[in-house]
Amino acid sequence: MTSNSTLKNGDAVTVVLKDEYRNVYPGEQIHIKILDDSGWADNYDVVTDNQGEASVVLSTFENGNYTIHTNY
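Here goes a summary of the coordinates provided. (Residues numbered from 1 in each chain as written. Predicted model: local features only at pLDDT ≥ 70, side-chain atom pairs only at ≥ 80, totals over all residues. Heavy atoms only, no water.)

A short note on unusual backbone geometry
Thought 1: Of note in this structure, R22 is not a glycine but carries a positive phi near 70°.
Thought 2: You can see R22 is positioned in the loop between β1 (12-16) and β2 (29-36).
Thought 3: The class of R22 is exposed, set by a relative accessible area of 65%. (Helix = DSSP H or I, 4+ residues; strand = E, 2+ residues; numbered from the N terminus. Buried < 20%, exposed > 50% of the residue type's maximum accessible area, 1.4 Å probe, protein only.)

Structure below.
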């Protein structure tokens, strides 16, 4: 994760996909799950760009604490 730990609507959750040698993986699908405190999940499937980055712009979230899981 390259995003700040505190985000608000309009900010983006950004991840970078790299291997242990810091090589990036462009064109790869990543699943992002954003969970609220009650366990409700918003799911997103994104594809990394040429720099290995993928992001989701937050737009419908209420103030609170969320947990983000990513799967590759």
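Next comes the rest of the write-up.
Here's the deal with the nonpolar core
Thought 1: In terms of nonpolar packing, the biggest core is built from eleven residues, these being V13, V15, L17, I30, I32, I34, V46, A54, V56, L58 and F61.
Thought 2: The set of elements that each furnish at least two residues to this core consists of β1, β2 and β4 (53-57).
Thought 3: Looking at which element gives the most residues to this core, the answer is β2, with three residues.
Thought 4: Residues in contact with V13, not counting those within four places in the same chain, are M1, S3, L7, I34, A54, S55, V56, L58 and I68. (Core = buried A, V, L, I, M, F, W, Y, C linked by side-chain atoms within 4.5 Å. Contact = heavy atoms within 4.5 Å.)

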